[in-house]
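# Geometric and topological summary
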Amino acid sequence: MCGIIGYIGKRDAFPILIKGLEMLEYRGYDSAGIAIMDDNLKVYKKKGKVAEVYKHAKEHGAKGNIGIGHTRWATHGEPSDRNSHPHTSASGKIAIIHNGIIENYAVLKSALLKEGHTFTSDTDTEVLAHLIEAVKEKGNLTLLEAVRQSLTQVVGAYAIIVMDESDKDTLIVARKGSPLVIGIGEQEFFIASDASPIAEYTKSVIYLDDNQVAIVKRSGEYTVSSIAGVPHTPFIEKLTLEATMLDKNGYDHYMQKEIFEQAHTIEDALRGHILPDRSVHLRGLEEIADQLAIARRLIIVACGTSWISGLVGEYLIESLAKMPVEVEYASEFRYRDPILNKHDIVIAISQSGETADTLAALSLAKERGAVTYGICNVVGSSIARTTDAGSYIHVGPEIGVASTKAFTGQVVLLSLLALLLSQRRETLEADAYKKLVDSLEKIGESVNKVLKEEEKIKKIAEILKEKESALFIGRGILFPVALEGALKLKEISYIHAEGYPAGEMKHGPIALVEKDFPVIVVATNEDMIDKVISNVQEVKARGAMTIGIIREGKDELHSIFDHVIEIPNVPDEWMPILSVLPLQLLAYHTALIRGADVDKPRNLAKSVTVE
Ligand code: AGP
């Protein structure tokens, strides 16, 4: 989950590297560093955020028009100056940055130690730097050849950029299991973990595939080949991403911006999928129409918030389309022995499209003959390019580590999928279908109304901020929303929070409830509301402080809760899209009051590209 950046060309590399790292910091921010070359190769690296490295490097006069940079989420070795990237070879003349894990680094390291190598860090990456130089010297090889031969010895995942003081006109890049994008300029190249730092300089990009290596030269020449050396003619794609989409546009944090962007991103996710005749169209699904016709089961594999959106999808698809759905944690699915065949469609949901566990689950599904479908946000991401077909949620870049607009975008796509399947399987009466599709199409109109409750939510956050623990509960299709509210609160405010089916309270969790214990209740479902209210009474009887997310017009519920947030009336099926909004704002403001780093919460990263 690190961010890597590289530049070679005629410009001053320093500002390009620093700005690129700032844009990639959401991928990891335990430490950062750059290597830059003028007369000779210099490395500047520090524990902490990119700003630390910027100050340090500037003080030391960092300059040059070729360089690499790295912002780290620690895997091997604690966050520290010495474990920061870039790492250098024994001579210090080769520098490397790496996103991924070298699983056999210990074996490689012990062989190098026997040859007299000494290491200054605990990282797997430093081992690779030493290995490349050793292979280069032993075989009197070019840097490209040495990188290729070294990578044949590596087991694990990597996206690397390598530079060599003896060749100031070349960068070598390679990837396996971690993303890498090459931006092609006029006699200059911009390399990064994703397209965000590249978009302002060039729209022509190459997405490197697994087991590929590329050499890029100051002259503007480049070649791509397999690790084994087989030449490959890459496809040059045109970015649709605009640099302006990456600004905070006046908001204090990306998360705040992305919460409020939902007023239009929900409509963006819907756009073009509901036709004038009210039918639903998902182009990606048309590509697997034959397989869909014989499909007997959908299996959703995902992680974190994406897994939760999959749970909403399960409720919707089973109730509307009467099609069996299973939702699996990708990290579990990839290691158990699932029974799969051509009658299964495995749907991978991933905002980043780079989550290692989800990618691995997808590969297993393909190996076992299932059809695969992706629901991603990042265009051209690994998952999007691995599945047989798919749909993008088109909510724009999501920078805040806590996923917000991607969640609602995913739920919108799953809602459309449920409606489309209900039509193909003729499981809904025409009137019921029309009511659902019309209300889904208009749901964006209700979003702003919910977001206007922000001041009230801030007041509730003032109470929540002192708490050490909280329970989120809900029933039916709102149970996953309770899970999502708990995940949001815990991951950015560090308050321990759990989501539970409201009906489960009596089976354990209610033991936690004591005076003023916060219980947030997602009580917006029309059906089962009486049962939810009974659960609220049970916790109130034990002193809980209750916060209710309720439907507009349910005035009788105001007296039951200590605090209420009202949600405009939409069908139960679409309530998850609106009911999650106040929970996103509640987590955001609670974290803010507690002084947490909302966009870059501790220990986390935006894209978990290692397992
Ligand atoms: C959600 O707020 C978290 N940032 C995390 O759970 C995230 O949803 C998970 O890592 C999956 O990421 P993906 O959607 O990019 O695969």
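Preceding block: the structure.
The following refers to the structure shown.

About the cut-offs
- Per chain, the residues get numbers from 1 upward, laid out in the order the sequence is written.
- Side-chain atom pairs in this predicted model are given and counted only at pLDDT of 80 or more, local residue features only at pLDDT of at least 70, and totals for whole chains, interfaces and linings cover all residues.
- In computing side-chain properties, one takes all heavy atoms of the structure into account and sets aside hydrogens as well as water.
- Helix and strand assignments come from DSSP, with helices taken as H or I runs of at least 4 residues and strands as E runs of at least 2, each series counted from the N terminus.
- Radius of gyration here uses only the C-alpha atoms, and the compact-globule reference equals 2.2 Å multiplied by the residue count raised to the power 0.38.
- Remark: exposure states derive from per-residue accessible area (1.4 Å probe, protein chains only) relative to the maximum for the residue type, with buried under 20%, exposed over 50%, and partly exposed in between.
- Any two residues having at least one pair of non-hydrogen atoms within 4.5 Å are treated as being in contact.
- The method behind every accessible area is Shrake-Rupley, applied with a 1.4 Å probe, and residues are considered shielded solely by the protein chains displayed.
- The rule for a residue being near a molecule or strand is that one of its heavy atoms must lie within 4 Å of it.
- Within 3.5 Å is the distance limit for a polar contact, defined as a pair of N or O atoms, with the added protein rule that one can donate a hydrogen and the other accept it, and that residues adjacent in sequence qualify only through two side-chain atoms.
- Throughout, the arc means the angular range of directions from the helix axis out to the C-beta atoms.
- Pairing between strands is defined by DSSP: at least two bridges between them are needed.
- Simply put, an axis is a line fit to the C-alpha atoms, just over the touching stretch for a helix, and the angle between two N-to-C directions goes from 0 to 180 degrees.
- Should a side-chain nitrogen of Lys or Arg be within 4 Å of a carboxyl oxygen of Asp or Glu, the pair is scored as a salt bridge.
- These descriptions rest on fixed angle ranges, namely under 35 degrees for roughly parallel, over 145 for roughly antiparallel, 65 to 115 for roughly perpendicular, and the rest for oblique.
- Each crossing is labelled by how the near helix is turned from the far one, with a counterclockwise turn of less than a right angle marking it left-handed and a clockwise turn marking it right-handed.
- Residues are grouped as follows: nonpolar covers Ala, Val, Leu, Ile, Met, Phe, Trp, Tyr, Cys and Pro; charged covers Asp, Glu, Lys and Arg; every other residue, Gly included, is treated as polar.
- Only centres within 6.5 Å qualify two rings of Phe, Tyr or Trp (six-membered ring in Trp) as a pair; their planes then separate them into stacked at under 30 degrees, edge-to-face at over 60, and tilted for everything else.

On a plain count of helices and strands, the protein comes out with 20 helices and 25 strands. For 611 residues, the compact-globule estimate of 2.2 N^0.38 gives 25 Å, and the protein sits close to it at 25 Å. The dimensions of the protein, computed from C-alpha atoms along their principal axes, are 80 × 55 × 40 Å. The burial tally for the protein puts 62% of its 611 residues in the buried class. Long-range contacts, defined here as pairs at least 24 residues apart, represent 71% of the contacts in the protein between residues at least 6 apart. As displayed, the protein offers around 22,700 Å² of accessible surface, 51% of which is attributable to carbon and sulfur atoms.

With that settled, consider the site of the ligand. As a matter of local geometry, the ligand sits amid 14 residues, with Ser306, Ser350, Ser352, Thr355 and Glu491 nearest to it. Between the ligand and the protein, one listed contact pairs an oxygen atom with a backbone N or O atom of Gln351 at 2.7 Å. Considering the ligand on its own, with 410 Å² of exposed area, one finds that the protein chains cover 91% of that surface. Elements supplying a minimum of two residues to the shell around the ligand: α10 (304-321) and α18 (479-493).

Attention shifts here to helix α17 (residues 454-464). Since the α-helix packs 3.6 residues into each turn, any two residues three or four apart lie on the same face. Every buried residue belonging to α17 is among Glu454, Ile457, Ile460, Ala461 and Leu464, and all of these are buried. All buried residues of α17 lie within an arc of 115 degrees about the axis, which places them on one face of the element.

As a further point, take the sheet that holds strand β17 (residues 325-329). Ordered by their spatial adjacency, five strands build an open sheet running β17-β16-β18-β19-β20, and the pairing between neighbours is parallel. Sheet topology places β17 and β20 (389-392) at the edges, where each strand pairs with a single neighbour. Between one strand and the next, the sheet's axes are offset by a mean angle of 20 degrees, whatever the strand orientation. In terms of strand pairing, strand β19 (residues 371-376) meets β20 through four bridges, oriented parallel. Pairing of Gly374 across the sheet is with Gly390, part of β20. Lying on the sheet, helix α12 (residues 356-367) is in contact with β16 (297-302), β18 (344-350) and β19; it crosses β18 at an angle near 165 degrees. Set on the sheet, helix α14 (residues 405-424) makes contact with β16, β18, β19 and β20; between it and β18 the angle comes to about 160 degrees.

Overall, the coordinates contain 39 salt bridges when judged by the stated rule. Ionic pairing is found between Asp268 and Arg271, a salt bridge with its closest N-O pair at 2.7 Å. Residues joined by salt bridges that share partners form a network here, namely Arg278, Lys434, Asp438 and Glu441.

Another aspect to go through is the sheet that holds strand β7 (residues 156-164). The antiparallel open sheet is built from seven strands, whose spatial order is β5-β6-β7-β8-β12-β13-β14. Two strands in the sheet have a free side with no partner beyond their single neighbour: β5 (87-88) and β14 (231-232). With nine bridges joining them, strand β6 (residues 94-102) and β7 adopt antiparallel strand pairing. Each bridged residue has a counterpart across the sheet, and for Ala95 the counterpart in β7 is Met163. Along the sheet face, helix α5 (residues 143-151) touches β6, β7, β8 (167-176), β12 (212-217) and β13 (222-226) and points at about 160 degrees away from the line of β7.

Here seven bridges tie strand β2 (residues 31-37) to strand β3 (residues 41-47), and the two strands are oriented antiparallel to one another. Residue pairing across strands places Ile34 opposite Tyr44, the latter belonging to β3. The antiparallel pairing of β2 with β3 creates a hairpin that spans three residues between the two strands.

This part takes up the environment of Tyr254. Relative to the assigned elements, Tyr254 resides in helix α6 (residues 254-260). Separated by 148 residues in sequence, Tyr254 and Ala402 place their C-alpha atoms 9.6 Å apart. Residues in contact with Tyr254, not counting those within four places in the same chain, are Leu246, Asp247, Lys248, Ile399, Gly400 and Asp599.

Turning next to the packing of helix α3 (residues 105-114) against helix α4 (residues 124-139). Orientation of α3 relative to α4, taken along the N-to-C sense of each, is 50 degrees, at an axis distance of 9 Å. As summarised for this structure, α3 and α4 are arranged oblique, according to the angle between their axes. Like other packed secondary-structure pairs, α3 and α4 cross with a definite hand, here left-handed. Listed contacts from α4 to Tyr105, Leu108, Lys109 and Leu112 of α3 are Asp124, Val127, His130, Leu131 and Ala134. For the contact of α3 with α4, the class distribution of residues is six nonpolar, one polar and two charged.

Looking now at the packing of aromatic side chains. The geometry of two aromatic rings is summed up by the distance between their centres and the angle between their planes. Here the structure, examined in full by the defined rule, presents six aromatic pairs. On the numbers, 4.5 Å between centres and 5 degrees between planes, the contact of Phe190 with Tyr201 is stacked. Within this pair, whereas Phe190 is found in strand β10 (residues 189-192), its partner Tyr201 is found in the loop between β10 and β11 (204-207), the two being separated by 11 residues in sequence. Residue Phe190 is classed as buried on the basis of its relative accessible area, which comes to 1%. A centroid spacing of 4.0 Å and a plane angle of 10 degrees characterise the contact between Trp307 and Tyr329, whose relative ring orientation is stacked. In this pair, Trp307 sits in helix α10 while Tyr329 sits in strand β17, placing the two residues 22 residues apart along the sequence.

This part is about the environment of Val216. Along the polypeptide, Val216 turns up in strand β12. Once the C-alpha coordinates of Val216 and Gly9 are considered, the two residues, 207 residues apart in sequence, prove to be 9.9 Å apart. Setting aside residues up to four positions removed in sequence, Val216 forms contacts with Ile8, Asp169, Thr170, Leu171, Ile182, Phe189, Ile191, Glu221 and Tyr222.

Take the packing of α14 against helix α15 (residues 430-441) next. Direction vectors running N to C along α14 and α15 enclose 155 degrees, while the axes themselves pass 11 Å from each other. As judged from the angle between their axes, α14 and α15 are roughly antiparallel. In this structure, the crossing between α14 and α15 has a hand that is left-handed. Here Ser415, Leu416, Leu419, Ser422 and Gln423 of α14 lie close against α15, whose contacting residues are Tyr433, Leu436, Val437 and Leu440. Across the contact of α14 with α15, the residue classes break down as six nonpolar, three polar and no charged.

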